Structure formats: structure tokens, C-alpha cells
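Coordinates in review
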Amino acid sequence: MSRDEKKMHVSDGLEVHEAAATGDADSLVEYLRTNKYDVNLRDADWNDRAALHWAALRGFVECIRILLEHGADGMIRTDSGWTPAHCAGETGKLTVLRALHNAGVPLDLTDKYGDTPRDIAAIYGHHDCVQFLNHLAQEKEKEDCQT
């Protein structure tokens, strides 16, 4: 399917979402360079997910980097209050959690129900993600004690 054919299948403005959800970093860069697309647009048909949520769910770290470089809000929320970190916790994408952390995105925000990405990772049995997030929490505690 050509890029023009793909565009016919995507609702206006959601091309960035599709590129992020499929890991198409080249198209993502092309779309964002035009400045025609809102990098933080939320898709009402998909619980207000933004492109960054899709990239996090699917584990496309390069797309996450591109989106953040183009002004994506690393703390953007779905209708239930999930951040991209919650999405990574649900699907066990440790590399995504690391990328978000390295970009300075907080990984301990709670959703509408009080759950953090660590809670979500634990619910879905992603122990490596839980370990990583526990380690970050311990490091943050040490820093807080020193100040």
C-alpha cells in the first residue's frame, strides 16, 4: 500500500498516530516536519490516545524519541488518566520505560483510579518493568532524603 493509499484510510490528522502505531519512523518524521499535524492530538475513538501512547504500547522507541523531539507531551493522558508509561507497563515494554525515563518523563504518575505504571506492570505480570520502576522509586527516595 502506498503512502497516499494509507492516507485515504486514516481520519484527518491521525496520520501521526498510524505512523507511531506501526513503527513507521520515516513517515512520522515526514509528517511532523510539515508542521501540519498536532503531535499531541488525542483520538476520541480510541480513549483519547495520542501518538505517543501508541508508540509506547507497541514498543517503538525510535518513534517515541521522534515524537518527544517534536514536542509531544510525555505526560499526556488518555480518558482514564493513563500516560505513555502506563501503556508501556501494560504491555511490558521495558525499553520504552527506559526511553521515557532518559527523556526526563516522570514514570510515577497515577491514573484516575490511583494506579501508577508500576501497578499496571505488576497487574500484567511484567516483573522486569516492576523491578526497573522499583529501582527508580528507591533512587528518588535516596535523592529526596539527601535534600
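The protein is annotated in an unreviewed UniProt entry as Ankyrin repeat domain-containing protein 66 from Mizuhopecten yessoensis.

**Re the packing of helix α2 (residues 15-22) against helix α4 (residues 51-58)**
Relative orientation of the contacting elements α2 and α4 amounts to 10 degrees, with a least axis distance of 7 Å. In terms of axis orientation, α2 runs roughly parallel to α4. Seen from α2, the contacting residues are Val16, His17, Ala20 and Ala21; seen from α4, they are Ala51, Trp54, Ala55 and Arg58. Taken together, the residues of the contact of α2 with α4 sort by class into six nonpolar, one polar and one charged.

**Quick word on the confidence of the model for the protein**
Per-chain confidence: the protein averages 92 in pLDDT, with 93% of residues scoring 70 or above. Low pLDDT, under 50, characterises residues 1-10; the predicted model gives this stretch 11 contacts beyond four residues in sequence or across chains.

**So, the pattern of salt bridges**
The tally for this structure, following the rule as stated, stands at four salt bridges. Salt-bridge contacts for Arg65 lead to Glu69; the nearest nitrogen and oxygen are separated by 2.6 Å. Of this pair, Arg65 and Glu69 both sit in helix α5 (residues 61-69), separated by four residues, roughly a single helical turn. Given a relative accessible area of 54%, Glu69 falls into the exposed group. Among the ionic pairs, Lys140 bridges to Asp108, the shortest N-O distance being 2.9 Å. Note that Lys140 is positioned in helix α9 (residues 127-146) and Asp108 in the loop between α7 (94-102) and α8 (117-123), a separation of 32 residues in sequence. Using a relative accessible area of 40% as the deciding quantity, one classes Asp108 as partly exposed. Via salt bridges that share partners, Glu62, Arg65 and Glu69 belong to a single interconnected network.

**Some remarks on unusual backbone geometry**
Glycine aside, a negative phi is what most residues show, and trans is what most peptide bonds show. Residues other than glycine seldom take positive phi values, yet Asn35 does so here, at roughly 60 degrees. The backbone phi angle of Asn47 is positive, close to 60 degrees, even though this residue is not glycine. Looking at the secondary structure, you find Asn47 in the loop between α3 (25-33) and α4. Since its relative accessible area comes to 40%, Asn47 is described here as partly exposed.

**Here's the deal with the layout of surface pockets**
Size it by volume and the largest pocket reaches roughly 360 Å³. The wall of the largest pocket is formed by 14 residues, among which Leu107, Asp108, Leu136, Ala137 and Lys140 lie closest to the centre. With six residues, α9 is the single largest residue contributor to the lining of the largest pocket.

Cut-offs used in this document
Note on numbering: residues in each chain are counted from 1, in written sequence order. Predicted model: local features are reported for residues with pLDDT of at least 70 only, side-chain atom pairs are reported and counted for 80 or more only, and whole-chain, interface and lining totals are derived from all residues. Here the side-chain values reflect all heavy atoms present in the structure, with hydrogen atoms and water set aside. Note on method: axes are straight lines fitted to C-alpha atoms, helices fitted across the in-contact stretch only, with angles between N-to-C directions ranging 0 to 180 degrees. Each helix is a run of H or I in the DSSP string that is no shorter than four residues. Each strand is a run of E no shorter than two, and both are numbered from the N terminus. Working rule for angles: under 35 degrees goes down as roughly parallel, over 145 as roughly antiparallel, 65 to 115 as roughly perpendicular, anything else as oblique. Should any heavy atoms of two residues lie within 4.5 Å, those residues are counted as being in contact. Residue polarity follows a fixed list, in which Ala, Val, Leu, Ile, Met, Phe, Trp, Tyr, Cys and Pro are nonpolar, Asp, Glu, Lys and Arg are charged, and the others, Gly among them, are polar. Predictor confidence is given residue by residue as pLDDT, running from a minimum of 0 to a maximum of 100. The term salt bridge refers to a side-chain nitrogen of Lys or Arg lying within 4 Å of a carboxyl oxygen of Asp or Glu. Only protein chains enter the calculation, and the probe is 1.4 Å; a residue is then buried if its accessible area is under 20% of its type maximum, exposed if over 50%, and partly exposed in between. For cavity detection a 1 Å grid was placed over the protein atoms alone, and a set of points counts as a cavity when a 1.4 Å probe fits there but cannot get out; an open set counts as a pocket when protein lies on both sides within 12 Å along at least five of seven lines, with lining residues being those that have an atom within 4 Å of a point. Grid points are joined across faces, edges and corners, and a volume is the space filled by probe spheres set on the points.

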